[in-house]
Structure formats: C-alpha cells, structure tokens
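Analysis of the macromolecular model
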Amino acid sequence: MALPTLRIIGFIIGIFLITLAIAMVVPMATLVIFERTSDLPSFLWASLITFIAGLALVIPGRPEHVHLRPRDMYLLTVTSWVVVCVFAALPFLLTQHISYTDSFFESMSGITATGSTVLSGLDSMSPGILMWRSLLHWLGGIGFIGMAVAILPLLRIGGMRLFQTESSDRSEKVMPRSHMVARLIVAAYVGITILGSLAFWWAGMGLFDAINHAMSAISTGGFSTSDESLAHWKQPAVHWVAVVVMILGSLPFTLYVATLRGNRRALLRDQQVQGLLGLLVVTWLVLGTWYWWTTNLHWLDALRHVALNVTSVVTTTGFALGDYSLWGNFSLMLFFYLGFIGGCSGSTAGGIKIFRFQVAYILLKANLNQLIHPRAVIKQKYNGHRLDEEIVRSILTFSFFFAITICAIALALSLLGLDWMTALTGAASTVSGVGPGLGETIGPAGNFSSLPDAAKWILSLGMLLGRLEIITVFVLCIPAFWRH
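This is a predicted model, so every value here is computed, not measured. (Residues numbered from 1 in each chain as written. Predicted model: local features only at pLDDT ≥ 70, side-chain atom pairs only at ≥ 80, totals over all residues. Heavy atoms only, no water.)

Focus: the overall build of the chain
Note the following rule: Here a strand is any run of E in DSSP of at least two residues, a helix any run of H or I of at least four, and the numbering for each starts at the N terminus. In this treatment the radius of gyration is a C-alpha quantity, and the globule benchmark scales as 2.2 Å times the residue count to the 0.38 power. Burial status follows relative accessibility: with a 1.4 Å probe on protein chains alone, a residue under 20% of its type maximum counts as buried, one over 50% as exposed, and anything between as partly exposed. Every residue pair with non-hydrogen atoms within 4.5 Å of one another is taken to be in contact. All accessible areas in this document rest on Shrake-Rupley with a 1.4 Å probe, and a residue is counted as covered only by the protein chains that are shown. This count recognises Lys and Arg as positive and Asp and Glu as negative, with His and chain-terminal groups excluded. Think of each charge as sitting on NZ of Lys, CZ of Arg, CG of Asp or CD of Glu.
Of regular secondary structure, the chain possesses 21 helices and two strands. A compact globule built from 484 residues should have a C-alpha radius of gyration of about 23 Å, and the chain, at 22 Å, falls within 12% of that. Seen along its three principal axes, the alpha-carbon backbone of the chain occupies a region of about 75 × 70 × 50 Å. Across the 484 residues that make up the chain, the buried fraction comes to 57%. In the chain, of all internal contacts separated by at least 6 residues, the share reaching a separation of at least 24 is 71%. Carbon and sulfur atoms make up 67% of the accessible area of the chain, which amounts to about 20,900 Å² in all. Distance between charge centroids for the chain: 16 Å, based on 29 positive and 23 negative side chains.

Here's what the structure looks like:
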C-alpha cells in the first residue's frame, strides 16, 4: 500500500483520536460537578496521551491530490475502530486499576455499543467512569450510523447498498448532498438523545442517570449506572420510556432525515420499519400472555417486563428488567433466537438486521413459485429496489460468515474450558451486539469479569467483527489485498 495512502489514513485516525481526547472533558466535568475529583488526574493523563498520539498523526499533514479508494476504506474502517478502542481503554486502566485486557474489553464493548461488561459495583462507582462508558456508547452509535450510511454501501457490504441514498434510488434521494445528510442525521441523533434524557428524568430517574441511559438506549448499547440495570428503577414509566428510545435507535436514521425534510410518512412506509415493529408487537403479545399465564403478575406488568426485555434483545441493546433467563426453557430459547435479528439497516442496532430476513423470505417465496411455474418470470423487489444478483450474493455471503464466525468463536471459547452455554451465547451475544449472554456466568444478572483473559480478547474480536459487518474485517486477511 502506497505511503501517501497510509498518511491519509493516519491523518484521519489522528483526527479521531483528538476528538476522543476532547470527549474526555465530559467525564472530567462530571467529576468536578459531583466533587469526586480523585479520578481527575487519571482522566487528564488519558486525555493528554490520546491527544499527543492524535497530534503526532495529524502534524505530517494530509497529502494533496491523493484520495482513498474503496479498498483503502476497508483498512481505514478497521484500524480506526481498533485504535480508538486502544486509547479509549486508558480511563478504565488508570481509574479502575484493572488489567489492560479488561480495560480494552470494556472500551471495545462501549464503542461497538455491545454492552458486555467486566465491571461491577456500578451503583457506587465514580460518576466519571459511568459517564465515560455511556459516552463511548453514544460516540460509537453515531459512528456506526455514519459508516452504515456512507461507507458500507460504497464497499457493497452485506446488501446495504439497498439503502444507499445517493445511488440506489436517485428518484427518492433524501437530499442532494451527503454532507447535508450527515448534518441532519447528527441533529436527529442529538435531538432524540435530549428528548430521551428529559423523558427518563420525567419518568422518575435522576438527571445523571437519565442522561446516561438516554445515551445508552439511543445507541442500543446497554450500559447502565446500576448492577441491576433497569430493574433498579421500579417506576413503570421508566421502563416504557426505555422501550421507546431503544426502538427509535433501531430505526433507519436516513428516514429521520426524510421526515425532517417533510416526508411525514417515510418511516411508516418502510418495509424494514414495518417488519421490526410487527415482530416486536407480536412477540410482546405472545410471550407477554405466556408470562402472565405462568406467573402471578398482572397482565400489564407481565407485558411491561416482556416488552422491555424483548425490545432490548431484538434491538441488541442489552438492558434487562430482571433475569429473563430464569423464565423457563421456552423463553430461554426464544431470547436466544431473538438476539440474532437486530434492528434496521442504517440504525445503531447490531445483529443480522431485519431486512436480511425479509429478503430471505422474498427469495424463498420466489423459488417456491418458480417450482410451481418453471417458465414464469418472477420479479423480486424489496422496498422498491430490484433484488439483483449482486445484492442477493452479498446478503448470503454475510449471513454465512455471520454464522461461521459465531461457531468459530464458540468453539475457541470451549477450548479455553468454558461450558457450552457460556461459550455459545457469549459468542452469539458479542457478534450480534446484544451484550449479556445466557446462563449464570454471563447472563443478565452476571458479567464477563470471571472469564479468562484469552476469552476476553476473543470476544473483543467478536464485537469488532459483528459491528463492522464481518466482511470488512475478513477482506484484510486476503493476501491479494496487500499486493500493489
């Protein structure tokens, strides 16, 4: 790879690091407000180290007349996420006095909005660290939206070209200029975060907890300020606010832009949104009725517990209202399946994404009709787009490697001595971005601190692979990628 190209990549990563260093001012201000300044020197050192590293990459400057090719974007995407996680781990390392393995795991979980954690004692933890965890979620969420909207369609990753606003459907472009789209996406993201914070505050949370949970919910991350997660707050209004904000974070942000531009029905007409909302409502009613039938709860209370936990798993957020793994074998299996689905493309949610399941259904239906009418010409369309061979191939490729990745990580974890439940659900939850797995160790009531260091590094890789849509990382392993 040419030196000027590496200089551009380094320059951009340097900007990311400087931004990260400036973002550390937020938890430092939080420490000052709460008069918990004992952790302030650690954050200052972390910010200074990050800023110097970023400045060192920026000072050489950006080469003129050199532009990144699509293949260069693969390297930029992967290296930027990894490098940011490396430096985002410093506040955990310096303030919590935990190993760098645990620090990196926590920062990777934060920036990829996964929600898996190695920390406990959150109720009495430094407010600076709590704010830093939520802020990593928030920054990672908006970063993934930008990647999903601008970069992944360009790289033809996983069928996301179906939702590329600039080239997939020129008759219904959201706006003529991509930077204007980005500006409105950020405005929508910030706006929903502010509204979510006010809603959590109104529902009964303290302002600090409300801000943290709003950032965590809109990014579909799952970090909480309590070890009990949302079960710490008994007010039903808090739980319903969390459900709404999680859903808002799992919808396509380009459709928010279209709504801001005057297309009031953009969200309701989208097949992804219809499929996701339909799935959630049906699952709420079926599982909620079953849960009410098998417990002594009132039907509305049973529905609330189910709605929050199901929405959290489907949107890959990771909040929990009680330990749903204790509800019985039926619910245990159902939650395991739901964790693979994910939200909409162009949202902060992880998982396989709802549109891939919808496209698979369209292809299955078309193939069955082709068997009945061999000579018929069957048109296959999704959301107004024709399903050409390239899109179908990319979706099938992603889905195959998604499954292979989970199987490989689960097998590697089992080699380290983990039981099959922890290994399988740990692999699935990190690659899907759900956060907690199932079982006593890493379930909704546990965390990942007791796992061996090797397992944490493997799961960190799983988080990265899942967040970057897998193929983006795998392509770097091909020798031809590195040839001139």
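Overview of the environment of phenylalanine 208
Summarising the element assignment, phenylalanine 208 is placed in helix α9 (residues 207–218). According to the relative accessible area criterion, phenylalanine 208 is buried, its value standing at 17%. Linking phenylalanine 208 and proline 127, residues 81 residues apart in sequence, is a C-alpha distance of 8.6 Å. Ignoring anything within four residues of it in the chain, the contact list for phenylalanine 208 reads Thr30, Phe34, Pro127, Leu130, Met131 and Thr225.

Regarding the side chain of arginine 356
By the element assignment, arginine 356 lies in helix α16 (residues 354–372). On the basis of relative accessible area, arginine 356 is assigned to the buried category, the value being 3%.

Things to note about the side chain of threonine 225
The following threshold applies: Under this definition, polar contacts are N or O atom pairs within 3.5 Å; protein pairs additionally need one hydrogen-donor-capable and one acceptor-capable atom, and for neighbouring residues in sequence, both atoms have to be side-chain atoms.
Take threonine 225: it is sitting in the loop between α9 and α10 (236–249). For threonine 225, a relative accessible area of 6% corresponds to the buried category. Within the local environment of threonine 225, its side chain forms a polar contact with the side chain of aspartate 209, the two groups lying 2.8 Å apart. Residues contacting threonine 225, with those up to four places away along its chain left out, are Leu122, Asp123, Leu130, Phe208, Asp209, Asn212, His213 and Trp233.

A word on the packing of helix α17 (residues 389–415) against helix α19 (residues 453–467)
Going by this rule: For helices, the fitted line uses only the C-alpha atoms of the stretch in contact; every axis is such a line through C-alpha atoms, and the angle between N-to-C directions lies from 0 to 180 degrees. For classification purposes, an angle smaller than 35 degrees is called roughly parallel, one larger than 145 roughly antiparallel, one from 65 to 115 roughly perpendicular, and anything else oblique. When residues are sorted by character, Ala, Val, Leu, Ile, Met, Phe, Trp, Tyr, Cys and Pro go into the nonpolar class, Asp, Glu, Lys and Arg into the charged class, and all the rest, Gly among them, into the polar class.
Viewed as axis vectors pointing N to C, α17 and α19 meet at an angle of 175 degrees, and their least axial separation amounts to 10 Å. Regarding the angle of α17 to α19, the classification is roughly antiparallel. Contacts from Thr405, Ile409, Ala412 and Leu413 in α17 reach Ala455, Ile458, Leu459, Gly462 and Leu465 in α19. Considering only residue class, the contact of α17 with α19 consists of seven nonpolar, two polar and no charged.

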